[in-house]
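Structural overview for review
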Amino acid sequence: MIDQLPQALGAYTLTNVLRENDDAVVFAAVQTVVDRPVEVVVLKAAAVERGMTAEFVSNARAKAALHCECINEVIEAGEIHGVWYAAQERLTGTPFAELLEKGTRLTMRQALAFLRALADAFSCFREKNLASQPLTPDMIFLSGEDRVFFANPVKSGSYEESESSVFMRAMGDLLKFLLPVNQPGQTRMATLCTWMRDGVDGSELSWSDLGNLVQQLEDQLGLDKRTAAASNGMPSIALLLEKTELPKPVRRMGRTAAVIAGMLLTASGLAWYLIPGRTAKPARAAEAEKSSPVALVMDSSEVHWLEPRPVTIREYARFLEELPTLSPSQKERIMAGIPAEADMKPEDWDFMFEMAMKHRTWNGREISLSSPVVNVNYWMALACSRHLGGRLPNKEELALAASPRFSEKVRFPHGLSEWTSTYERRGAMFDPAYVQRSTSGQWNYEADPARGNSHLGFRTAYDTLPSS
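Note that the structure is predicted; figures quoted are calculated from it, not measured.

Some thoughts on the overall build of the chain
- Each helix and strand counted, the chain has 13 helices and 20 strands in total.
- Across the 468 residues of the chain, 54% fall into the buried class.
- If you sum the accessible surface of the chain, you get close to 21,200 Å²; carbon and sulfur atoms cover 49% of it.

Side note on the packing of aromatic side chains
- Here the structure, examined in full by the defined rule, presents 13 aromatic pairs.
- Members of the aromatic cluster, connected to one another through ring pairs, are Phe 177, Tyr 316, Phe 319, Trp 349, Phe 353 and Phe 458.
- Lying across the ring of Phe 412, Arg 459 places its NZ or CZ 4.5 Å from the centre.

Examining the packing of helix H5 (residues 161-176) against helix H6 (residues 186-198)
- The N-to-C vectors of H5 and H6 enclose an angle of 145°; their axes lie 7 Å apart at closest approach. The two elements H5 and H6 cross, and the hand of that crossing is left-handed. Each of Met 168, Arg 169, Met 171, Gly 172, Asp 173, Leu 175 and Lys 176 in H5 lies in contact with H6, whose residues at this interface are Met 189, Cys 193, Met 196, Arg 197 and Asp 198.

Regarding the pattern of salt bridges
- On inspection of all chains with the given rule, the structure shows 21 salt bridges.
- Its salt-bridge partner being Asp 173, residue Arg 314 comes within 3.6 Å of it at the nearest N-O pair. Of the two residues, Arg 314 is situated in helix H9 (residues 313-322) and Asp 173 in helix H5; the sequence distance between them amounts to 141 residues. Asp 173 shares its class with Arg 314; the two are buried.
- The partner of Asp 198 in a salt bridge is Arg 197, with the nearest N and O atoms 3.9 Å apart.
- Take Arg 197: its relative accessible area is 6%, and that puts it in the buried class.

Thoughts on the sheet that holds strand S5 (residues 74-80)
- Pairing in this open sheet of six strands is antiparallel, and the strands run S1-S2-S3-S4-S6-S5 from one edge to the other. A strand with exactly one partner marks an edge of an open sheet, and here the two such strands are strand S1 (7-9) and S5. Ignoring strand direction, the axes of neighbouring strands in this sheet form an average angle of 40°.
- Two elements, S1 and strand S2 (residues 12-20), share three bridges in a ladder whose sense is antiparallel. Residue Leu 9 lies in a different strand from S2, and its bridge partner there is Tyr 12.
- Contacting strand S4 (36-43), S5 and strand S6 (83-89), helix H2 (residues 53-64) runs over the sheet at an angle of about 20° to S6.

Quick notes on the sheet that holds strand S9 (residues 140-143)
- Taking strand neighbours across the sheet as the criterion, the three strands line up as S7-S9-S10 in an open arrangement whose pairing is antiparallel. One side of each edge strand has no neighbouring strand; the edge strands of this open sheet are strand S7 (94-95) and strand S10 (147-150).
- Note: S9 against S10, four bridges, orientation antiparallel. In the strand pairing of S10, Phe 141 is matched with Phe 149.
- The strands that helix H4 (residues 108-128) touches are S9 and S10; relative to S10, the one it contacts most, it runs at about 40°.

Observations concerning the nonpolar core
- If you look at the biggest cluster of nonpolar residues, it comprises 89 residues, and the most contacted ones within it are Phe 114, Leu 118, Phe 150, Leu 175, Tyr 316 and Phe 458.
- No other element matches the 13 residues that H4 contributes to this core.
- When sequence neighbours within four positions are dropped, the list of residues in contact with Tyr 316 reads Val 311, Met 344, Pro 346, Trp 349, Val 373, Val 376, Met 380, Cys 384 and Phe 458.
- Leu 9, Val 25, Val 38 and Val 42 belong to the second largest nonpolar core, which has twelve residues in total.

A closer look at the pairing of S4
- Burial analysis of S4 places six of its eight residues in the buried class, which makes it a mostly covered element.
- Direction of pairing for strand S3 (residues 24-31) relative to S4: antiparallel, over a ladder of eight bridges. When the bridges of S4 are listed, Val 26 appears paired with Val 41.
- In this antiparallel pair of consecutive strands, S3 and S4, the connection spans four residues, and Asp 35 shows a positive phi of 55°.
- Two elements, S4 and S6, share five bridges in a ladder whose sense is antiparallel. Residue pairing for S6: Val 40 is matched across the bridge by Ala 87.

A few points about the environment of Met 355
- Relative to the helices and strands, Met 355 resides in helix H11 (residues 349-357).
- Residues Met 355 and Glu 366, eleven residues apart in the sequence, show an inter-C-alpha distance of 8.3 Å.
- Once residues lying within four places of it in the same chain are set aside, the contact partners of Met 355 are Arg 360, Thr 361, Trp 362 and Ile 367.

Parameters at a glance
Residues numbered from 1 in each chain as written. Predicted model: local features only at pLDDT ≥ 70, side-chain atom pairs only at ≥ 80, totals over all residues. Heavy atoms only, no water. Helix = DSSP H or I, 4+ residues; strand = E, 2+ residues; numbered from the N terminus. Buried < 20%, exposed > 50% of the residue type's maximum accessible area, 1.4 Å probe, protein only. Areas by Shrake-Rupley, 256 points an atom, 1.4 Å probe, with all protein chains shown as cover. Phe/Tyr/Trp six-rings, centres within 6.5 Å; stacked < 30°, edge-to-face > 60°. Lys NZ or Arg CZ within 6 Å of the ring centre and 35° of its normal. Axes fitted to C-alpha atoms, helices over the stretch in contact; angles between N-to-C directions. Left-handed = near helix turned anticlockwise from the far one by under 90°. Contact = heavy atoms within 4.5 Å. Salt bridge = Lys/Arg side-chain N within 4 Å of Asp/Glu carboxyl O. Pairing = 2+ DSSP bridges. Core = buried A, V, L, I, M, F, W, Y, C linked by side-chain atoms within 4.5 Å.

Below you can see the structure in the form of structure tokens.
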């Protein structure tokens, strides 16, 4: 194996480590004869022993078959003296992960270049029937003033429309954190970002739709005059973008996917790019997040409604983002009865959110933005549940939802405790309780409004069915 640097590996000289995970190492390297900078992914011996070689090679072959202007190409893959490797073009520029870390915003030209590259790349995947892993911030590079390139995300398999819809929403979520400020067109760009995440009138954007919208916005702002990208046979959108916000199109756009899913950022970094078993299950996770509240008929014959899964990291991030923008009356409603000094940011929030964005390990478990938010105390849970239009459930509602009749409708993640609105006596005091399911299947209750830990989250309940 590679035990010292620099070290020769066939036609390449490995110079330093760029990224690493349990299965592979990505090296900066030089293609020696032509003095060409490249990256070489080396499969670790332990991964070879686990039988990952075949999938490693299969993914490399799929990537090598792709030729797209905005995606780096795989040069070759092979085995030398028992070392399995894949060489690819070296991407230069600033990764979006670094922009996010520094809080850097894109210019309008850069944001449009990013969206155009997305539209071109995924339209190509669809046309050539290529499967793709989700793009992560570590796989997107801003080069020069306004060029955007992607680390090759192609994997073995066929194009899936449902996965593509997940990626569209993920990129809309990502761009939201990089949106231009104080620039002409920024409001229209924000609206387009929302369309990517949430669709329009129940329909999602297609990649060709996105390309056409980008072209029209570029033309309006005088930023680019190139001909719109081919739409792969999909109808184009005729939209007038002169107004402050994008108007809603009068037709259904693209094919409606079975699931409009949440942000999916998996296994961050090129160190994962050829590694088997690292792709998340986007459609299933997103479907859970978009599920409708479940009706609970209480002993009083009243019907209450309960979310089938806990509040996610994504939802809590939006709560934190929107909280400072609320009107005084909205803030008063949400913060009623909550101490003025109460902090709404969970402990270790910044690192938790970063790891969720990249689908990495936090506190010993792999998390994503669709994972339950934890480390929340009672005041945080109470405020966020109100912001979501509901309240915290009481222990009777949770106990009913946990009964066998709701086992297929309501999800209680293993090992997760949840806040309730029920007050329990603690000495001479009554404090809000959180509930924890014991090993015997019974509910245990503990009370402490200031407490939050890495296994404590919450969900939202409603007295009436919320509007969709």
